[in-house]
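Listed below are the residues making up each chain.
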Amino acid sequence: MASFPELDAFIAGVLGLLIGSFLNVVIHRLPKMMEQQWAAECASLNNADARPAADQAAYNLVTPRSACPHCGHRIAWHQNLPLISYLALRGKCSACGAGIGIRYPLVELATAVLFAWCGWTWGLTPTGAMWSGFSATVVALAAIDWDTTLLPDDLTLPLLWAGLCGAALNWTGTVTLHDALWGAVAGYLSLWLVYWAFKLATGKEGMGYGDFKLFAAFGAWFGWQALVPIILMASVFGAVVGIAMKFTSGLREGGYVPFGPFLALGGLTAMTLSPARMLALVGL
């Protein structure tokens with residue numbers, strides 16, 4: 001069968017735009033859904049009525065329809081077309097004129113580019129689909145962690161299992177199940193040890209458990225050999241951004257920067273380049 005990488009990249013890129021639009025919903029709503037779940041669990045532990053009120057509207061990734069956070073205007077389907085609607089509306093709500101965050105089209109565009117790259121590299125194959133799914137999940141995790149310092153298990157754990165299953169089915173490239181398994185183990189334990197060493201030395205928590213799980217997922221997708229290049233690249237990204245934010249007074253209260261987004265950048269760099277090239281980029 002003839003191969004048409006340009007066509008594959010175009011089809012994957014269009015799909016990426018649509019998926020990117022949905023990722024904006026995930027990024028916004030999943031943390032709120034988690035907060036609702038925690039509140040219900042706390043109420044249950046306190047012997048309170050944890051059941052939602054009868055008139056409380058459902059809130060999930062599908063319901064309610066998207067609306068302007070400023071005026072509550074329901075967004076029509078033609079106002080929710082990836083990139084096109086943002087440009088047509090000039091980045092403003094059609095009802096109240098409030099600005100629409102630039103991150104919405106950036107997430108859509110980034111997802112489209114990553115999907116197009118996967119389509120170009122692997123075609124419309126199971127491998128291309130696997131890495132496209134990897135890209136979408138990592139983009140969502142990076143944005144959620146930047147906003148909330150949370151890396152939800154609802155995303156990190158399926159990402160980990162997908163990497164192991166993909167290796168078993170030979171759908172993620174050249175990574176064997178053996179390397180994927182030990183990559184997951186090494187990824188989790190390495191950051192877990194760093195966490196406890198830092199906590200014992202300072203009495204503070206330097207990172208969250210979600211970082212361990214995300215790094216374990218990267219070990220499953222890339223194999224244990226890629227862990228050092230990924231963590232080095234993530235550290236470089238984090239140091240550059242952290243220093244820039246410090247000089248521009250952009251650090252949050254407490255002077256911290258979540259590490260998950262930089263781990264995500266390291267993982268996406270490993271996908272688009274290779275561990276050897278990543279080491280070369282950091283001078284090793």
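Residues numbered from 1 in each chain as written. Predicted model: local features only at pLDDT ≥ 70, side-chain atom pairs only at ≥ 80, totals over all residues. Heavy atoms only, no water.

## Concerning the overall build of the protein chain
Then comes step 1: The secondary structure content of the protein chain amounts to 10 helices and zero strands.
Then comes step 2: Overall, the protein chain shows an N-to-C arrangement of helices and strands of α-α-α-α-α-α-α-α-α-α.
Then comes step 3: Relative to the 2.2 N^0.38 estimate, which gives 19 Å for 284 residues, the radius of gyration of the protein chain is 20 Å and therefore close to what a compact globule would have.
Then comes step 4: Along the first, second and third principal axes, the C-alpha set of the protein chain runs to 60 × 55 × 40 Å.
Then comes step 5: Taken over 284 residues, the protein chain has a buried fraction of 38%.
Then comes step 6: Of the contacts made within the protein chain by residues no fewer than 6 positions apart, 70% connect residues no fewer than 24 positions apart.
Then comes step 7: Roughly 15,800 Å² of accessible area belongs to the protein chain as shown, and the carbon and sulfur atoms make up 67% of that amount.
Then comes step 8: Put simply, the protein chain has 14 plus and 15 minus side-chain charges, and the middle of one group is 8 Å from the middle of the other. (Helix = DSSP H or I, 4+ residues; strand = E, 2+ residues; numbered from the N terminus. Rg over C-alpha atoms; globule rule 2.2 N^0.38 Å. Buried < 20%, exposed > 50% of the residue type's maximum accessible area, 1.4 Å probe, protein only. Contact = heavy atoms within 4.5 Å. Areas by Shrake-Rupley, 256 points an atom, 1.4 Å probe, with all protein chains shown as cover. Lys, Arg positive; Asp, Glu negative; His and termini not counted. Charge placed at Lys NZ, Arg CZ, Asp CG, Glu CD.)

## Here's the deal with the nonpolar core
Then comes step 1: Judged by nonpolar contacts, the single largest core of 55 residues is most densely connected at Phe-134, Leu-159, Phe-215, Phe-218, Phe-222, Ile-230 and Leu-263.
Then comes step 2: Counting only elements with at least two residues in this core, the list comes to helix H1 (5-45), helix H3 (103-122), helix H4 (126-148), helix H5 (153-169), helix H6 (177-202), helix H7 (209-222), helix H8 (227-247) and helix H9 (260-272).
Then comes step 3: If sequence neighbours within four positions are ignored, Phe-222 has contacts with Trp-131, Phe-134, Val-175, Ile-230, Gly-267, Ala-270 and Met-271. (Core = buried A, V, L, I, M, F, W, Y, C linked by side-chain atoms within 4.5 Å.)

## A closer look at a nonpolar patch on the surface
Then comes step 1: On the surface, a nonpolar cluster with roughly 990 Å² of combined accessible area is contributed by Leu-181, Trp-182, Val-185, Leu-189, Trp-192, Leu-193, Trp-196, Leu-200, Tyr-209 and Trp-224.
Then comes step 2: Mapped onto the secondary structure, Val-185 falls in helix H6. (Patch = residues over 30% accessible without salt bridge, like charges linked within 9 Å, V, L, I, M, F, W, Y side chains within 5 Å. Salt bridge = Lys/Arg side-chain N within 4 Å of Asp/Glu carboxyl O.)

## A word on H5
Then comes step 1: Between its first and last C-alpha, H5 extends 23 Å over 17 residues, near the 24 Å set by a 1.5 Å rise per residue.
Then comes step 2: Turning to H5, its buried residues number three or more, namely Leu-155, Thr-156, Leu-159, Leu-160, Gly-163, Leu-164, Gly-166 and Ala-167. For H5, the buried positions fall inside an angular range of 165° around the axis, keeping them on one side. Projecting away from the buried face of H5 at angles above 90 degrees are the exposed residues Asp-154, Trp-161 and Ala-168.
Then comes step 3: Buried residues belonging to H5 abut H1, H4, H6 and H7. (Expected span 1.5 Å × (residues − 1). Arc of directions from axis to C-beta.)

## Here's the deal with the packing of aromatic side chains
Then comes step 1: According to the stated counting rule, one finds 16 aromatic pairs in the structure shown.
Then comes step 2: Between Trp-122 and Trp-131, the ring centres sit 5.7 Å apart and the planes meet at 15°, which makes this aromatic pair stacked.
Then comes step 3: The exposure class assigned to Trp-122 is partly exposed, which follows from its relative accessible area of 25%.
Then comes step 4: Through pairs of rings, three or more aromatic residues link up here, namely Trp-117, Trp-122, Trp-131, Phe-134, Phe-218, Trp-221 and Phe-222. (Phe/Tyr/Trp six-rings, centres within 6.5 Å; stacked < 30°, edge-to-face > 60°.)

## Re the side chain of Lys-213
Then comes step 1: For Lys-213, the position within the fold is in helix H7.
Then comes step 2: Taking the relative accessible area as the measure of exposure, Lys-213 reaches 19% and is therefore buried.
Then comes step 3: Separated by 2.8 Å, the side chains of Lys-213 and Asp-153 make a polar contact.
Then comes step 4: Excluding its chain neighbours within four sequence positions, the residues that come into contact with Lys-213 are Asp-153, Thr-156, Leu-157 and Tyr-188. (Polar contact = N/O pair within 3.5 Å; in protein donor to acceptor, adjacent residues only side chain to side chain.)

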